[in-house]
Amino acid sequence: MNVVLHQPEIPHNTGAIGRTCLMTGSGLHLIRPYGFFLDEKSLKRSGLDYWHKINVSEHDNFEAFEAAAKENSPRPRFFFVETSGGKLYSDIKFEPYDYLIFGSETVGLPQEILQRFPQQIIRIPMTGEERSLNLSVAVGIVLYESLRQTGFEGLS
């Protein structure tokens, strides 16, 4: 499975998501720009001493990420997790090499990207009283559902 963070802003969220990816054998794709530095000093300050073990790919923009995904998979499937999604994440039949795409903590995903993939926007049900779940929590919910559906392959 693959987790994609589009322009993440908070290093601790990205670190927690990275740890989740490490523990599940999932790939982590980061799309620039970030709201923090990914240098060794910043990673150590955030307590991310395991960062070098994570399967991380960095991309300059969404188009570069999309090209890389198509190069690495014959039929990449993208699912965009947004509060405005028409389908619940639990209604999707996930496949092992899907890409779960999440926007930045403050603005979500850009409309120009969402408009290209209207049938692939999914959501996590919430009361609607607040903006949204914490990004790392949202990733964990959708990622583990996708792993459950694919039999937790490679996990014990």
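A short tour of the structure in this document, coming up.

Rules behind the numbers
- Residues numbered from 1 in each chain as written.
- Predicted model: local features only at pLDDT ≥ 70, side-chain atom pairs only at ≥ 80, totals over all residues.
- Heavy atoms only, no water.
- Helix = DSSP H or I, 4+ residues; strand = E, 2+ residues; numbered from the N terminus.
- Rg over C-alpha atoms; globule rule 2.2 N^0.38 Å.
- Contact = heavy atoms within 4.5 Å.
- Areas by Shrake-Rupley, 256 points an atom, 1.4 Å probe, with all protein chains shown as cover.
- Lys, Arg positive; Asp, Glu negative; His and termini not counted.
- Charge placed at Lys NZ, Arg CZ, Asp CG, Glu CD.
- Pairing = 2+ DSSP bridges.
- Axes fitted to C-alpha atoms, helices over the stretch in contact; angles between N-to-C directions.
- Buried < 20%, exposed > 50% of the residue type's maximum accessible area, 1.4 Å probe, protein only.
- Core = buried A, V, L, I, M, F, W, Y, C linked by side-chain atoms within 4.5 Å.
- Right-handed = clockwise from strand over helix to strand, strands pointing away.

Moving on to the overall build of the chain. The number of helices and strands found in the chain is 5 helices and 7 strands. Helices and strands appear in the chain in the N-to-C order β-α-β-α-β-α-β-β-β-α-β-α. Relative to the globule expectation of 15 Å for 156 residues, the C-alpha radius of gyration of the chain, 15 Å, shows essentially globular dimensions. In terms of overall dimensions, the chain has a C-alpha envelope of 40 × 35 × 30 Å along the principal axes. Expressed as a percentage of contacts within the chain between residues at least 6 apart in sequence, the contacts between residues at least 24 apart total 75%. Surface accessibility of the chain: about 8700 Å² in total, with carbon and sulfur atoms responsible for 49%. Of the charged side chains in the chain, 15 are positive and 19 negative, and the gap between their average positions amounts to 3 Å.

Once that is clear, we can look at the sheet that holds strand S6 (residues 99-102). Pairing is parallel in the open sheet, where 7 strands are placed in the order S3-S2-S1-S6-S4-S7-S5. Every other strand in the sheet has two partners, leaving strand S3 (56-59) and strand S5 (87-88) as the edge strands with one partner each. Where helix H1 (residues 11-24) meets the sheet, it contacts strand S1 (2-6) and strand S2 (27-31), and its direction lies at approximately 150 degrees from that of S2.

Moving on, we get to the environment of Phe80. Along the polypeptide, Phe80 turns up in strand S4 (residues 78-81). By relative accessible area, which is 0% here, Phe80 ends up buried. Between the C-alpha atoms of Phe80 and Arg123, which are 43 residues apart in sequence, the distance is 8.2 Å. Discounting chain neighbours no more than four positions away, the residues touching Phe80 are Phe62, Ile101, Leu109, Ile113, Leu114, Phe117, Gln120, Ile121 and Ile122.

Let's shift gears to the nonpolar core. Formed by 28 residues in total, the largest nonpolar core has its most connected members in Val3, Leu5, Leu28, Phe102 and Val142. Listed by contribution, the elements that provide at least two residues to this core are S1, H1, S2, S4, S6 and helix H5 (135-149). With near-sequence residues (within four places) excluded, Leu5 lies in contact with Thr14, Ile17, Leu28, His29, Leu30, Ile31, Phe102, Leu135 and Val139. The next biggest cluster of nonpolar side chains, apart from the first, holds 14 residues, and it includes Ala69, Tyr99, Ile101 and Phe117.

Note that the residue after Arg32, namely Pro33, is joined by a cis bond; omega there is 0 degrees. Relative to the assigned elements, Pro33 resides in the loop between S2 and helix H2 (40-45). The phi angle at Gln7 is positive, at roughly 50 degrees, despite the residue not being glycine. Along the chain, Gln7 turns up in the loop between S1 and H1. Residue Gln7 is classed as partly exposed on the basis of its relative accessible area, which comes to 30%.

Turning next to the pairing of S1. The buried fraction of S1 amounts to 5 of the 5 residues, a majority that puts the element mostly inside the structure. Here S1 shows a buried face lined by Asn2, Val4 and His6 and a second buried face lined by Val3 and Leu5. Assessed by its sense of winding, the connection that carries the chain from S1 through H1 to S2 is right-handed. Here 4 bridges tie S1 to S6, and the two strands are oriented parallel to one another. Residue pairing for S6: Val4 is matched across the bridge by Ile101.

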